[in-house]
Amino acid sequence: MYPPRITVARARNLRRKLTLPEVLLWQALRGRKLGGARFRRQHPVGPYILDFYCETARLAVEVDGQGHDHPDQMRHDARRTAWLNARGISVYRLAARDVLGNPEGVVAAIRRRVGDQPPPALRGPPPPLGED
């Protein structure tokens, strides 16, 4: 399912405006540093934008600030999580204060959820050998 164009545009904009906890977590996740798992930041899925997404593990990692403690936002987050779960994507929510206060622990918890990922598959078979 391709996301709406407006969602893709918002995701591009959000990539330029990461919060400090998101920046710190991105530094730990980028470049397959977590057991070979590839993460994307501000990744659009349907009408939603995921803070971080690992496609092979079907895992969304969300960094929640204080605004997520509000009852209306909590209801929205629950609907969003249910929508993602229905599509086979599990959601792992982290408090921003935990990312700032214990980055090593947060990364270790994500590593446990992702597990070791196999190396990326080849894009196609090798070319046939010429017969001489």
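Preceding this section is the structure that the text describes.
These notes cover the structure that comes with them. (Residues numbered from 1 in each chain as written. Predicted model: local features only at pLDDT ≥ 70, side-chain atom pairs only at ≥ 80, totals over all residues. Heavy atoms only, no water.)

Some details on the packing of aromatic side chains
In step 1: Tallying each qualifying case throughout the model produces two aromatic pairs.
In step 2: With centroids separated by 6.0 Å and ring planes inclined at 15°, the aromatic side chains of Trp-26 and Phe-52 adopt a geometry described as stacked. On the criterion of sequence distance, the pair formed by Trp-26 in helix α2 (residues 20-29) and Phe-52 in strand β2 (residues 48-54) is long-range, its members being 26 residues apart. Assigned by exposure class, Trp-26 and Phe-52 land together as buried.
In step 3: With 5.3 Å between their ring centres and 70° between their planes, Tyr-48 and Trp-83 make a pair best called edge-to-face. (Phe/Tyr/Trp six-rings, centres within 6.5 Å; stacked < 30°, edge-to-face > 60°. Helix = DSSP H or I, 4+ residues; strand = E, 2+ residues; numbered from the N terminus. Buried < 20%, exposed > 50% of the residue type's maximum accessible area, 1.4 Å probe, protein only.)

As for the nonpolar core
In step 1: Counting residues in each nonpolar core, the largest one holds 20 residues, and the members touching the most others are Leu-25, Leu-29, Phe-39, Phe-52, Val-61, Leu-94 and Ile-110.
In step 2: When residues of this core are traced back to their parent elements, those giving at least two are α2, β2, β3 (59-64), β4 (90-95), α4 (96-101) and α5 (103-114).
In step 3: At five residues, α5 tops the list of elements feeding residues into this core.
In step 4: Formed by nine residues, the second largest nonpolar core is a distinct cluster that contains Tyr-48, Tyr-53, Trp-83 and Ile-89. (Core = buried A, V, L, I, M, F, W, Y, C linked by side-chain atoms within 4.5 Å.)

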